[in-house]
Amino acid sequence: MTLVAIKAGPYAFTARLEEELAPVTCARFKAMMPYDEKVIHVRWSGEGVWIPMGDTVYDLPWENPTRHPAPGEFIFYPGGYSETEILLAYGGVAFASKLGPLAGIHFMTIVEGNENLAKLGKQTLWEGAQSIAFAIKD
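What you see is a predicted model, and the numbers here were worked out from it, not measured in a lab.

(A) Up close: the overall build of the protein chain. Regarding its fold elements, the protein chain presents two helices and eleven strands. Mapped in sequence order, the helices and strands of the protein chain form the string β-β-α-β-β-β-β-β-β-β-β-α-β. Scaling as 2.2 N^0.38, a compact globule of 138 residues should have a C-alpha radius of gyration of about 14 Å, and the protein chain matches this with 13 Å. A principal-axis box enclosing the C-alpha atoms of the protein chain has dimensions of 35 × 35 × 25 Å. By residue count, 51% of the 138 residues in the protein chain fall in the buried class. Summed over all atoms, the accessible surface of the protein chain reaches about 6700 Å², with 54% contributed by carbon and sulfur. Side-chain charges of the protein chain comprise 11 positive and 16 negative groups, with the mean position of each set lying 5 Å from the other.

The following block contains the structure:
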């Protein structure tokens, strides 16, 4: 089991990569670490924050897809109909874009720090973009 240390805004989280359910996506994300970015609040999907990744399309299989990630679940949208992104749900999410409903690959789940998810989401909503950093946990 691979654990990931996450620092988002002033909050620390630990997440588990869902390597049995999304092995290709998890391997691709592991290759990206350490990964430092910014999260912004979602526009269409509900209570979530996301990392915009531009127009780069990732050739990933549709493993473990969902439109409704639970709080603490990360989904990877590899591009195509909408911008490539990674989304973290902190509350109710129905993943979508201006073109309509989308599905993403659930590849990682927060296992420590869940009590700060809503705080991170509301801080991002009211104060703007927050830094986020991912690294394999020793």
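(B) Local environment of helix α1 (residues 23-32). If you check which residues of α1 are buried, you get Thr 25, Cys 26, Phe 29 and Met 32. The buried residues of α1 occupy an angular sector of 115 degrees when the element is viewed end-on, so they sit on one face. On its buried side, α1 packs onto β2 (11-17), β3 (35-41), β6 (73-77), β7 (85-93), β10 (104-112) and β11 (130-136).

(C) How the structure looks around the pairing of strand β4 (residues 46-52). Across two bridges, the pairing between β3 and β4 is antiparallel. Looking at β4, one finds that Ile 40 is bridged to Trp 50. Taking the residues between adjacent antiparallel strands as the criterion, β3 and β4 are bridged by four residues.

Rules behind the numbers
Residues numbered from 1 in each chain as written. Predicted model: local features only at pLDDT ≥ 70, side-chain atom pairs only at ≥ 80, totals over all residues. Heavy atoms only, no water. Helix = DSSP H or I, 4+ residues; strand = E, 2+ residues; numbered from the N terminus. Rg over C-alpha atoms; globule rule 2.2 N^0.38 Å. Buried < 20%, exposed > 50% of the residue type's maximum accessible area, 1.4 Å probe, protein only. Areas by Shrake-Rupley, 256 points an atom, 1.4 Å probe, with all protein chains shown as cover. Lys, Arg positive; Asp, Glu negative; His and termini not counted. Charge placed at Lys NZ, Arg CZ, Asp CG, Glu CD. Arc of directions from axis to C-beta. Contact = heavy atoms within 4.5 Å. Pairing = 2+ DSSP bridges.

Geometric values such as these leave the question of function open.
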